[in-house]
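Coordinates in review
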Amino acid sequence: MRLMSGVPKRERSGITGEDEGGSMTVRVEETEIDIRLAYRWLSSVAYWVSQVGSPPLTGIAAAMLIGYVLATGAAWQWAGFYVAATILLPCIYIIWLVRHGQVSDFHLPIREERIRPLLFSLAAALIAWGVLQRAGAPAPLKMLAAVNGVQAMLFFIVTLRWKISLHCAAAAILSQLALTFFGVGALPLMLSVPLIAWSRIHLRRHTLTQTIAGACLGVAIVTPAVYLYL
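I will try to describe carefully the structure that is included in this document. These figures come from a predicted structure and were not determined experimentally.

Let us now look at the overall build of the protein. Counting secondary structure elements, the protein contains ten helices and zero strands. Listing each helix as α and each strand as β along the protein from the N terminus yields α-α-α-α-α-α-α-α-α-α. Within the span of the protein, comprising 230 residues, buried residues form 38% of the whole. Carbon and sulfur atoms provide 68% of the accessible area of the protein, an area that totals close to 13,100 Å².

On to the packing of aromatic side chains. Taken as a whole and judged by the stated rule, the model has five aromatic pairs. Taking the centre distance of 5.2 Å and the plane angle of 80° together, the rings of tyrosine 47 and tryptophan 48 count as edge-to-face. With 6.4 Å between their ring centres and 40° between their planes, tyrosine 68 and phenylalanine 182 make a pair best called tilted. In this pair, tyrosine 68 is assigned in helix 4 (residues 55-70) and phenylalanine 182 in helix 8 (residues 166-182), connecting sequence segments 114 residues apart.

Taking 1.5 Å of rise per residue, the 22 residues of helix 10 (residues 208-229) would be expected to cover 32 Å, and the 32 Å separating its terminal C-alpha atoms lies within 8% of that figure. Gln210, Thr211, Gly214, Ala215, Leu217, Gly218, Ile221, Val222, Ala225 and Val226 are the residues of helix 10 that are buried. Angular distribution of buried residues about the axis of helix 10 spans 160°; they occupy a single face of the element. Along helix 10, exposed side chains directed more than 90 degrees from the buried face belong to Leu208 and Tyr227. In this structure, the buried side of helix 10 is in contact with helix 7 (139-159), helix 8 and helix 9 (192-202).

Once that is clear, we can look at the side chain of serine 121. Looking at the secondary structure, you find serine 121 in helix 6 (residues 115-134). The residues touching serine 121, leaving out its near neighbours within four places in the chain, are Pro90 and Ala152.

To continue, consider helix 5 (residues 73-99). Note on helix geometry: an α-helix contains 3.6 residues per turn, so any two residues three or four positions apart are oriented the same way. With 27 residues, helix 5 should reach 39 Å at 1.5 Å per residue; the first-to-last C-alpha distance of 37 Å fits that figure. By the largest-angle criterion, alanine 84 marks the main kink of helix 5, which is about 35°. For helix 5, the complete set of buried residues consists of Ala75, Ala79, Tyr82, Val83, Ala85, Thr86, Ile87, Pro90, Cys91, Tyr93, Ile94 and Leu97. Its buried side turned inward, helix 5 meets helix 4, helix 6 and helix 7. Positive backbone phi, approximately 70°, marks glycine 101, located one or two places after helix 5.

With a phi close to 55°, leucine 108 is a non-glycine residue in the positive phi region. Here leucine 108 is to be found in the loop between helix 5 and helix 6. Under the relative-accessibility criterion, leucine 108 is labelled buried at 7%. Although it is not a glycine, arginine 204 adopts a positive phi angle of roughly 65°. Positionally, arginine 204 belongs in the loop between helix 9 and helix 10. Residue classification places arginine 204 among the exposed residues on the basis of a relative accessible area of 72%.

About the criteria used
- Residues numbered from 1 in each chain as written.
- Predicted model: local features only at pLDDT ≥ 70, side-chain atom pairs only at ≥ 80, totals over all residues.
- Heavy atoms only, no water.
- Helix = DSSP H or I, 4+ residues; strand = E, 2+ residues; numbered from the N terminus.
- Buried < 20%, exposed > 50% of the residue type's maximum accessible area, 1.4 Å probe, protein only.
- Areas by Shrake-Rupley, 256 points an atom, 1.4 Å probe, with all protein chains shown as cover.
- Phe/Tyr/Trp six-rings, centres within 6.5 Å; stacked < 30°, edge-to-face > 60°.
- Expected span 1.5 Å × (residues − 1).
- Arc of directions from axis to C-beta.
- Contact = heavy atoms within 4.5 Å.
- Bend = angle between axes of the 7 residues up to and from the residue.

Given below as structure tokens:
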């Protein structure tokens, strides 16, 4: 009993100060690993949300939505023309710029790199709108071409001084069109706008202000177009 009384209580229990410090270090390291894994998982989700919600894909979805609503062979043909002229051609141009080192990324993360693609998109949208107008294409597709042209023009002007989210603008336009054609049944689609905004912010491609501005501008463009054409 006398021998045991001379031994510190901590040592008698078999746990030393070094053991406690080591276990705390292990727990901290495990927590850091968990945080890094969670961040990587969120980054992966944000990447794919950004890819699926990219302006070309949302633009194609908008054209297909109108083709579905009109449900005629002619409407689908005009929708195909619209997609080729206003989406595929600008995408091919951007890919060409990327391969020739003129821009760094297909998503154009640097503000100055957006100017030429926006001018190209503006020209393509205006030509498409002129063809659709003169050929007597369905009004919703003429509206979509007009929206595309106005969007390209406004984004070009804004991009000269500031960076704004094309992803959020395109998502807002698609959501507003779906709400126009399908009513409250399209409300769940509107959740895509904040989701895409989060992905752009998480990937550090935009700030919160830039995503909100993009979404608001998209709604501001498509709302009067709906009343003018439909």
